[in-house]
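# Structure assessment
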Amino acid sequence: MITIAEEIQANLQHVKSDLPEGVRLVAVSKFNPAENIMAAYEAGQRLFGESHAQELVPKAAALPKDIKWHFIGHLQTNKVKQVVPVADCIEAVDSLKLLQEINKQASKCGKKMKCLLQFHVAEEETKFGFTIDECRNVLESQEFKNLDNIIIAGVMGMASQVTDEQQILSEFGEVAAIFGILKQDYFKDSPDFKEISMGMTHDYKLAIKKGATLVRVGSGIFGERMYANIK
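Residues numbered from 1 in each chain as written. Predicted model: local features only at pLDDT ≥ 70, side-chain atom pairs only at ≥ 80, totals over all residues. Heavy atoms only, no water.

### Observations regarding the pattern of salt bridges
In the structure shown here, the tally under the stated rule is eight salt bridges. Note that Lys-114 is salt-bridged to Asp-88, the shortest N-O span being 3.2 Å. With Lys-114 in strand S5 (residues 113–119) and Asp-88 in the loop between helix H4 (80–83) and strand S4 (89–93), this pair connects stretches of sequence that are 26 residues apart. Judged by its relative accessible area of 21%, Asp-88 falls in the partly exposed class. (Salt bridge = Lys/Arg side-chain N within 4 Å of Asp/Glu carboxyl O. Helix = DSSP H or I, 4+ residues; strand = E, 2+ residues; numbered from the N terminus. Buried < 20%, exposed > 50% of the residue type's maximum accessible area, 1.4 Å probe, protein only.)

### Regarding the packing of aromatic side chains
The final tally for this structure, using the stated rule, is four aromatic pairs. Look at Phe-179 and Phe-193: their rings are 4.9 Å apart centre to centre, the planes differ by 5 degrees, and that puts the pair in the stacked class. With Phe-179 in helix H8 (residues 165–185) and Phe-193 in the loop between H8 and strand S7 (195–197), the pair connects residues that are 14 residues apart, well separated along the chain. Note on accessibility: Phe-179 and Phe-193 belong to one class, buried. With centroids separated by 4.3 Å and ring planes inclined at 5 degrees, the aromatic side chains of Phe-187 and Phe-193 adopt a geometry described as stacked. An aromatic cluster is defined as three or more aromatic residues linked by ring pairs; in this entry it consists of Phe-179, Phe-187 and Phe-193. For the cation-ring pair, Arg-46 lies above Tyr-41, with the distance from its terminal atom to the ring centre recorded as 3.6 Å. (Phe/Tyr/Trp six-rings, centres within 6.5 Å; stacked < 30°, edge-to-face > 60°. Lys NZ or Arg CZ within 6 Å of the ring centre and 35° of its normal.)

Take it as geometry only, folks, not as evidence of what the structure does.
Structure representation (structure tokens):
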């Protein structure tokens, strides 16, 4: 009988086989115990995504130190001080207030924190993110220009939870277009501004078609059953 570890490793290799050169996989390990993460680690995966500070911090302490952790959930300002010391990138930044708190905590840690700007392109109102005009206002503000411990590394967006592939492709295309606008207008001389994070288990192949450089896959690697006990 195949073990859970073997199933995770087989799923991981299957997903990786879909990824063209230049696209990296964030293995979304939230709600999974350390042994499941280690199964993926032993198969070569080094980039993992967590969306809760109370999960990320103990996992980062217990697991190998060459793992790169992306914080992929909606981050509350009161959790920033827990996340910044252990995260390699915060993927879902959607306000100047959050950027300022990240900058403050990164300064205390003596590090520069990579962040992705999240944009709202889906039809669901529950999703977070900037509009392009809101983002321009932030990037052109003196408050943003004063942030010395932030590296804006790209953009992030999520498509609507629909079955219409054309709508999903259109929304991913909007994220990619926003990346191009920001690169041209604000980050032309920044080699760090290079990431387009979009696509999850059910739609990452569509995201790749529209230029994703990072895809976030959880259940496609670790299995749906790992999510059964979510509170």
